[in-house]
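Per-entry structural report
For reference, the chains in residue letters:
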Amino acid sequence: MVTGLINANPIVYERKERRVRSAPTDIDEYAEEPIDQLEIFDHIRDIKDPEHPYSLEELKVVTEDSVEVNDRHSYVRVTFTPTVEHCSMATVIGLCLRVKLLRSLPSRYKVDVRIAPGTHATEAAVNKQLNDKERVAAALENPNLLEMVNECLAPTFA
């Protein structure tokens, strides 16, 4: 994790209990399965914050309500809220969200990751970076940044 914390004492919230999802028994294994808000949230809730040993869910950076899905149009939007308005890790958090979804979802999905309006000092610049394919690809070519993203996405067994 990072030294010199921007938010040394974040508020830590209780995690929501995971809801068990039941799979239909008469499913065609070749059919497209619909994806909903809860499934997307389950993919991103355990991403670790780059500065703290807490998940994005525990810091309320992401919530189930911050996820929008239009399965018919293959569109997913995640709006996240940094813990402080001058968070220097906002771009890294957004990159982690984007990478996790790109690795988890079928390629037909367009993924849009944004900072919640009014919650960050450089909101427009961060949103522009996070939704520019070339900037994201360039960021992921940086071995140090890729290592940080992979650490945030690594599973925890707590």
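Residues numbered from 1 in each chain as written. Predicted model: local features only at pLDDT ≥ 70, side-chain atom pairs only at ≥ 80, totals over all residues. Heavy atoms only, no water.

Quick note on the threshold: UniProt positions are given in the numbering used here, feature names are shortened, and annotations may be inferred rather than shown by experiment.
The name recorded for the protein in an unreviewed UniProt entry is Protein AE7, from Phoenix dactylifera. The record held by UniProt for the protein lists under Sequence similarities (unreviewed entry) the comment "Belongs to the MIP18 family."

**Structural notes on the overall build of the protein**
Selection rule: Each helix is a run of H or I in the DSSP string that is no shorter than four residues. Each strand is a run of E no shorter than two, and both are numbered from the N terminus. Burial classification: accessible surface area is computed with a 1.4 Å probe over protein chains only, and a residue below 20% of its type maximum counts as buried, one above 50% as exposed, and the rest as partly exposed. By definition, residues are in contact when any of their heavy atoms lie within 4.5 Å. With residues, only the protein chains shown are counted as cover, and all accessible areas are computed by Shrake-Rupley using a 1.4 Å probe.
Of regular secondary structure, the protein possesses 5 helices and 3 strands. Mapped from its N terminus to its C terminus, the protein presents α and β elements in the order α-β-β-α-β-α-α-α. Expressed as a percentage of the 158 residues in the protein, the buried residues total 38%. Pairs at least 24 apart in sequence give 68% of the contacts found in the protein among residues at least 6 apart. Surface accessibility of the protein: about 9,600 Å² in total, with carbon and sulfur atoms responsible for 51%.

**Quick look at the environment of Glu14**
With respect to the helices and strands, Glu14 occurs in the segment before helix 1 (37-44). A relative accessible area of 76% means that Glu14 is categorised as exposed. When the C-alpha positions of Glu14 and Glu58 are compared, they lie 6.0 Å apart, and in sequence the two are 44 residues distant.

**Some remarks on the sheet that holds strand 3 (residues 110-115)**
Defined as follows: We treat two strands as partners when DSSP finds at least two bridges between them. Lines fitted to C-alpha atoms define the axes, with helix axes restricted to the stretch in contact, and inter-axis angles between N-to-C directions lie between 0 and 180 degrees.
The 3 strands are arranged 1-2-3 in an open sheet whose pairing can be described as mixed. Each edge of the open sheet carries a strand with a single partner, namely strand 1 (67-70) and strand 3. Neighbouring strand axes in the sheet, compared pairwise and without regard to direction, differ in orientation by 10° on average. In this structure, strand 1 lies alongside strand 2 (residues 75-80), joined through 4 bridges in antiparallel fashion. Paired with Asn70 across the two strands is Tyr75, which belongs to strand 2. Against the sheet, helix 1 engages strand 1 and strand 2, with an angle of about 130° to strand 1.

**Quick look at unusual backbone geometry**
Of all residues except glycine, most have a negative phi; of all peptide bonds, most are trans. Phi is positive for Lys60, which is not a glycine, with a value near 55°. Even without being glycine, Ser74 reaches a positive phi, approximately 55°. Within the fold, Ser74 resides in the loop between strand 1 and strand 2. A relative accessible area of 11% means that Ser74 is categorised as buried.

**Describing the side chain of Lys48**
Put simply, the test is: Charged residues are defined narrowly, with Lys and Arg counted positive, Asp and Glu counted negative, and His plus the chain ends left uncounted. Salt bridges are defined as contacts in which a side-chain nitrogen from Lys or Arg sits within 4 Å of a carboxyl oxygen from Asp or Glu. In the analysis that follows, any N or O atom pair within 3.5 Å is treated as a polar contact, provided that within protein one partner can donate a hydrogen and the other can accept it, and provided that, for residues neighboring in sequence, both atoms belong to side chains.
Locating Lys48 in the fold gives a position in the loop between helix 1 and strand 1. No salt bridge forms around the buried Lys48; measuring N to O, its nearest opposite-charge neighbour Glu151 is 7.8 Å away. Here Glu151 takes part through its backbone oxygen, which lies 3.1 Å from a polar atom of the side chain of Lys48. Ignoring any residue separated from it by four or fewer positions in sequence, one finds Lys48 in contact with Tyr54, Ser55, Leu56, Glu151, Cys152, Ala154, Pro155 and Thr156.

**Here we look at the side chain of Ser74**
A distance of 2.8 Å separates a polar atom in the side chain of Ser74 from a polar atom in the side chain of Arg108. Contact partners of Ser74, with chain neighbours within four places excluded, come to Arg108, Tyr109 and Lys110.

**Let's talk about the packing of helix 2 (residues 90-104) against helix 3 (residues 123-130)**
For the record, the criterion: Angular relationships are summarised with four words: roughly parallel below 35 degrees, roughly antiparallel beyond 145, roughly perpendicular across 65 to 115, and oblique for the angles in between. Less than a right angle of anticlockwise turn of the near helix away from the far helix marks a crossing as left-handed, whereas a clockwise turn marks it as right-handed. Here the term charged refers only to Asp, Glu, Lys and Arg, the term nonpolar to Ala, Val, Leu, Ile, Met, Phe, Trp, Tyr, Cys and Pro, and the term polar to all other amino acids, Gly among them.
The contact between helix 2 and helix 3 brings their axes to 10 Å, and the two run at 30°. Taken as axis vectors, helix 2 and helix 3 run roughly parallel relative to one another. Viewed along their axes, helix 2 and helix 3 form a crossing whose handedness is right-handed. Note on element contacts: helix 3 touches helix 2 through Val126, Gln129 and Leu130, opposite Ala90, Thr91, Gly94, Leu95 and Arg98. In terms of residue class, the contact of helix 2 with helix 3 is built from 4 nonpolar, 3 polar and 1 charged.

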